[in-house]
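Observations on the model geometry
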Amino acid sequence: MKAVRIHEFGGPEVLRYEDVPDPEPRRDQVLVRVKACALNHLDIWVRKGLPGVTLPHILGSDIAGEIVSVGEYVTGFTPGQRVLLAPMHFCNRCAKCVAGLQNQCREFTVLGNAVDGGYCELIAVPAVNVIPIPDSLEFDHAASLPLVFLTAWHMLVARAVIRLGQTVLVLGAGSGVGIAAIQIAKMFHARVITTAGDEKKLEKARTLGADYGINHYQQKISQEVRKITNKEGVDIVVEHVGVATWEESMKSLKPGGTIVTCGATTGPNVSFDLRFLFSRQLNLLGSYMGTMGELHDVLGHVFAGRLKPVVDRTFPLKGARAAHEYLEASQMFGKVVLNP
Ligand SMILES: [Zn+2]
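1. Notes on the overall build of the protein chain
Looking only at helices and strands, one finds eleven helices and 18 strands in the protein chain. For the protein chain, the spread of C-alpha atoms along the principal axes amounts to about 60 × 40 × 40 Å. For the protein chain, the residues scored as buried account for 54% of the 340 residues in total. Here the contacts in the protein chain between residues at least 6 apart in sequence split such that 69% fall between residues at least 24 apart. Roughly 14,800 Å² of accessible area belongs to the protein chain as shown, and the carbon and sulfur atoms make up 50% of that amount. Charge centroids of the protein chain, computed over 35 positive and 33 negative side chains, lie 6 Å from each other.

2. Quick notes on the pattern of salt bridges
Tallied over the full model, the rule gives 17 salt bridges. Through salt bridges with shared partners, one network takes in R47, K48 and E328.

3. Points about the pairing of strand β13 (residues 212-215)
Relative to β13, strand β12 (residues 191-196) is paired through four bridges, and the arrangement is parallel. Bridging across to β13, T194 finds its partner in G213. As for the winding sense of the linkage, the β-α-β connection from β12 through helix α6 (residues 199-207) to β13 is right-handed.

4. So, the side chain of D235
Mapping D235 onto the fold places it in strand β14 (residues 234-239). Within polar-contact distance, the side chain of D235 engages the side chain of K254 at 3.1 Å. With sequence-adjacent residues up to four places away left out, D235 is seen in contact with Q166, T167, L253, K254, G257 and T258.

About the cut-offs
Residues numbered from 1 in each chain as written. Predicted model: local features only at pLDDT ≥ 70, side-chain atom pairs only at ≥ 80, totals over all residues. Heavy atoms only, no water. Helix = DSSP H or I, 4+ residues; strand = E, 2+ residues; numbered from the N terminus. Buried < 20%, exposed > 50% of the residue type's maximum accessible area, 1.4 Å probe, protein only. Contact = heavy atoms within 4.5 Å. Areas by Shrake-Rupley, 256 points an atom, 1.4 Å probe, with all protein chains shown as cover. Lys, Arg positive; Asp, Glu negative; His and termini not counted. Charge placed at Lys NZ, Arg CZ, Asp CG, Glu CD. Salt bridge = Lys/Arg side-chain N within 4 Å of Asp/Glu carboxyl O. Pairing = 2+ DSSP bridges. Right-handed = clockwise from strand over helix to strand, strands pointing away. Polar contact = N/O pair within 3.5 Å; in protein donor to acceptor, adjacent residues only side chain to side chain.

Set out below in C-alpha cells:
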C-alpha cells in the first residue's frame, strides 16, 4: 500500500510518500481501508520527535473508512461497512480499561503516536476501536470527529463537570478542540465567549453558537471577559494554547472557577502566583483524550445532528507535507483532512 512515513524527526520535509507492506491483521482485528485521515496538532509534535515513537512511523490519529475484512474472532462487523476508528490504543484488560477508564491505562496512547496511524491506505485495529457511522456522514466529516470531540467532551463534561447555564471561555475558536467545545458548551445552554486571531474566524464561531468573540491580537482577553461578564469572570476556561494565554486564562476566572487544559500549543512552561490560586479557590484540571464510553456518548450527539464537525480543507495523501505546512500556518477554521 501507499503510506506517508517519517524515517527521522524534523520539519514537514521528513514526511515521505512511499510503498510499504500491507498490514497483516490479527484474528481479533478488523482491516479498514482509510478514506479520510484528519490532522491534529499532535501530528506535528510526533513529526518533530516524541519519546516512544519508533521509526519509521506512520502518523495520523483520526481515521474514517470502509471495512475490508473482519478477523475470525470478531463478531458484529461486515466488510463494506462505513466506520470511524476510536483514536486510541489501550490494553483492554487492566483494571482501568475494564472499568471504562481507557485513558488511564498504562498502555494508553493515541493512534499515530506510539503506534502507527492513518496516513496510509489500510490499517488493522482491534474490533473495540471500530465504530459504525451513518450513511449521511461523509468520510471527511467522520474523520474530523473523534480526537477533538472526545477531548472537548472529556474536558467539559467529565473533568470540569459543566452545568446548565454556566459561562465558558473557549480559547482558539478555529481549532478542532475550540469548534467542538463551543458546540458542547452550547448544548448545556452555556454563555460562550471565544477567542480568535481574526474577525472571519470569530464570525464563523458565532455561527456555531458562540455568544461573544474576542480578537486576541487586538484585545486583552481577561479585560474583555470582565466587560462581557460585568466583572464576574467565567466558570470554566477551555485551555489548550499554553504559555501564550495561561495568565489571561487565570485572570478570566470567577472565584471558584476552573481551568481545564488538554494542550500547550504555544509552549508548556507557565508560572503563576500560588496566592492567586488559593485565595480565589481556583481549580486547575488536566485532561487527556477521554474514555470509550465518552466517545460513544459524544458521537451519539453528532449522529443526532446536535454537534457538527467542521472541515476546512482536504489534501491528497501524497500532499501530506503541504497539509502540515498549512496546519502550522494556523490559517484554518476546522479540520485539515488527508484523502488516501
Ligand atoms: Zn488497560
